[in-house]
Amino acid sequence: MRVALLLAAAAALRPPTQLRVATFNLLAPVHKSGVGATREADDDATWLARGARLADFVAETLGSSDALCLQEWFFEPRWGKMFEEALPRHALVTSRRRGVHPHSGKARSDGVAMLVRGKVLAREEVVFDDGRAALIVAVDRSPRPVVVANVHLPFGSGGDAAC
């Protein structure tokens, strides 16, 4: 009798949901040094080519993920377009860092992004004292919504000193 009750209770439960999450650091072109003292972001041809390779790589190797958490996202419209085209079944959600780049004095052009499958129900940015941003996204996933968070933590050798 007890086993029958357990089986009946188990049958009434929703089936388990699988959620595949991947994370990847893109190394934003504003941080990647090119030849000499330049930054990759200063040469459109260079960062566009690497961005296209990265978008293809992410789509091929991580594209089956339900949530892709990307760090060092480059806030340039053509960068985002490459990833949206490579992963058309995912919605793009981003969070930009606050403050200025120490090497140029210009507003930050990097942050975090998520590409998620499913309808985005809500999003929230969390900004830390050092300007870093985290992104929390609620996604409608059958049979119930899920919440995924993405943050790019500082490295241990002085934070932005090397950027």
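Our subject in this report is the structure included herewith. (Residues numbered from 1 in each chain as written. Predicted model: local features only at pLDDT ≥ 70, side-chain atom pairs only at ≥ 80, totals over all residues. Heavy atoms only, no water.)

Now for the packing of helix α2 (residues 44–62) against helix α3 (residues 77–86). Where α2 meets α3, the closest approach of the two axes is 9 Å, and the angle between their N-to-C directions is 25°. Taken together, the axes of α2 and α3 lie roughly parallel to each other. Taken as a pair, α2 and α3 cross one another with a handedness that is right-handed. Within the contact between the two elements, α2 uses D44, W47, L48, G51, A52, L54, A55, V58 and A59 and α3 uses R78, W79, M82, F83 and A86. (Axes fitted to C-alpha atoms, helices over the stretch in contact; angles between N-to-C directions. Helix = DSSP H or I, 4+ residues; strand = E, 2+ residues; numbered from the N terminus. Parallel < 35°, antiparallel > 145°, perpendicular 65-115°, else oblique. Left-handed = near helix turned anticlockwise from the far one by under 90°. Contact = heavy atoms within 4.5 Å.)

Moving on to the environment of G80. Looking at where G80 falls in the secondary structure, it is placed in helix α3. Put simply, G80 and G51 are 29 residues apart on the chain and 9.3 Å apart in space, counted from C-alpha to C-alpha. If near-sequence neighbours (up to four positions away) are discounted, G80 is found in contact with W73 and L92.

Turning to the sheet that holds strand β6 (residues 133–140), a few remarks are in order. The strands making up a sheet associate through hydrogen bonds between their backbones, and the pairing can be parallel or antiparallel. Spatially, β5-β6-β7 is the arrangement adopted by the 3 strands of the open sheet, whose pairing is antiparallel. Each edge of the open sheet carries a strand with a single partner, namely β5 (119–127) and β7 (146–151). On average, each strand axis in the sheet is inclined to that of its neighbour by 20°, with strand direction left out of account. Here 8 bridges tie β5 to β6, and the two strands are oriented antiparallel to one another. (Pairing = 2+ DSSP bridges.)

Ranked by internal contacts, the top residues of the largest apolar core, which has 20 residues, are L26, V58, L68, L70, W73, W79 and F83. No other element matches the 5 residues that α2 contributes to this core. Those residues in contact with L70, other than ones at most four positions away along the chain, are F24, L26, F83, G111, V112, A113, L115 and N150. If you look at the next biggest cluster of nonpolar residues, it comprises 11 residues, including V112, L135, V137 and V148. (Core = buried A, V, L, I, M, F, W, Y, C linked by side-chain atoms within 4.5 Å. Buried < 20%, exposed > 50% of the residue type's maximum accessible area, 1.4 Å probe, protein only.)

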